[in-house]
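# Structure assessment
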Amino acid sequence: MKKVMIKLESIEAVKEFVSEVTLCDYDVDLVSGRYAVDAKSIMGIFSLDLSNPIQLIARTEDVGDFFEKIKDFIVE
C-alpha cells in the first residue's frame, strides 16, 4: 500500500485525475477526514471536501509510473 497527499483544485483537475486513475488495475482510494471514496468515481470525489489536501491510498506495492502521471496533483 502506497500513500500520498493530493490536491484537486478544479473540475478539470478532477476529470484529468480520474482519467489517469481509471487506467490502474488496482484499487485507489481517497480519504478525507472519516470519509473514503473510490478514486475512480468522479461523483465520489465531488462528495469530498476538495478545499483541503486529500490522502490517496494506492492498494498495491508497485505503483509503476502512476505517481509520475499524477505528479501535478501531489502535495508535499
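The structure this text deals with has already been given above.
Basis of the calculations
Residues numbered from 1 in each chain as written. Predicted model: local features only at pLDDT ≥ 70, side-chain atom pairs only at ≥ 80, totals over all residues. Heavy atoms only, no water. Helix = DSSP H or I, 4+ residues; strand = E, 2+ residues; numbered from the N terminus. Rg over C-alpha atoms; globule rule 2.2 N^0.38 Å. Phe/Tyr/Trp six-rings, centres within 6.5 Å; stacked < 30°, edge-to-face > 60°. Buried < 20%, exposed > 50% of the residue type's maximum accessible area, 1.4 Å probe, protein only. Pairing = 2+ DSSP bridges. Contact = heavy atoms within 4.5 Å. Arc of directions from axis to C-beta.

## What about the overall build of the chain?
Helix and strand content of the chain: three helices and five strands. Order of helices (α) and strands (β) in the chain, N terminus to C terminus: β-α-β-β-α-β-α-β. For 76 residues, the compact-globule estimate of 2.2 N^0.38 gives 11 Å, and the C-alpha radius of gyration of the chain, at 11 Å, lies within 12% of that figure. Seen through its principal axes, the chain has C-alpha atoms that stretch 30 × 25 × 25 Å.

## With respect to the packing of aromatic side chains
Inspection of every chain in the model, using the stated rule, returns three aromatic pairs. Seen in terms of ring centroids, Phe-17 and Phe-73 are 5.8 Å apart; in terms of plane orientation they differ by 85°. Their pairing is edge-to-face. Of the two residues, Phe-17 is situated in helix H1 (residues 11-21) and Phe-73 in the loop between helix H3 (66-69) and strand E5 (74-75); the sequence distance between them amounts to 56 residues. Since its relative accessible area comes to 0%, Phe-17 is described here as buried. Look at Phe-73 and you get buried, because its relative accessible area is 6%. With a centroid separation of 6.4 Å and 80° between ring planes, the pair formed by Tyr-26 and Phe-66 is classed as edge-to-face. Residue Tyr-26 is found in the loop between H1 and strand E2 (28-32), and its partner Phe-66 is found in helix H3; the two are separated by 40 residues along the sequence. By the burial criterion, Tyr-26 is buried, and Phe-66 matches it.

## Notes on the sheet that holds E2
Spatial strand order, E3-E2-E4-E1-E5: five strands in an open sheet with antiparallel pairing. The sheet terminates laterally at strand E3 (35-38) and E5, the two strands that pair on one side only. Pairing analysis gives four bridges linking E2 to strand E4 (residues 54-58), with the strands arranged antiparallel. Each bridged residue has a counterpart across the sheet, and for Asp-29 the counterpart in E4 is Ile-57.

## Examining the side chain of Ser-32
Inspection of the secondary structure assignment puts Ser-32 in strand E2. When neighbours within four sequence positions are excluded, Ser-32 is seen to be in contact with Leu-48, Asp-49 and Ile-54.

## Describing H1
Here H1 has its buried residues at Ala-13, Val-14, Phe-17, Val-18 and Val-21. The arc enclosing the buried residues of H1, seen along the axis, measures out at 130°, which places them on a common side. Among the exposed residues of H1, those oriented more than 90 degrees off its buried face are Ile-11 and Glu-12. Tucked into the core, H1 has its buried residues touching strand E1 (2-6), E2, helix H2 (42-46), E4 and H3.

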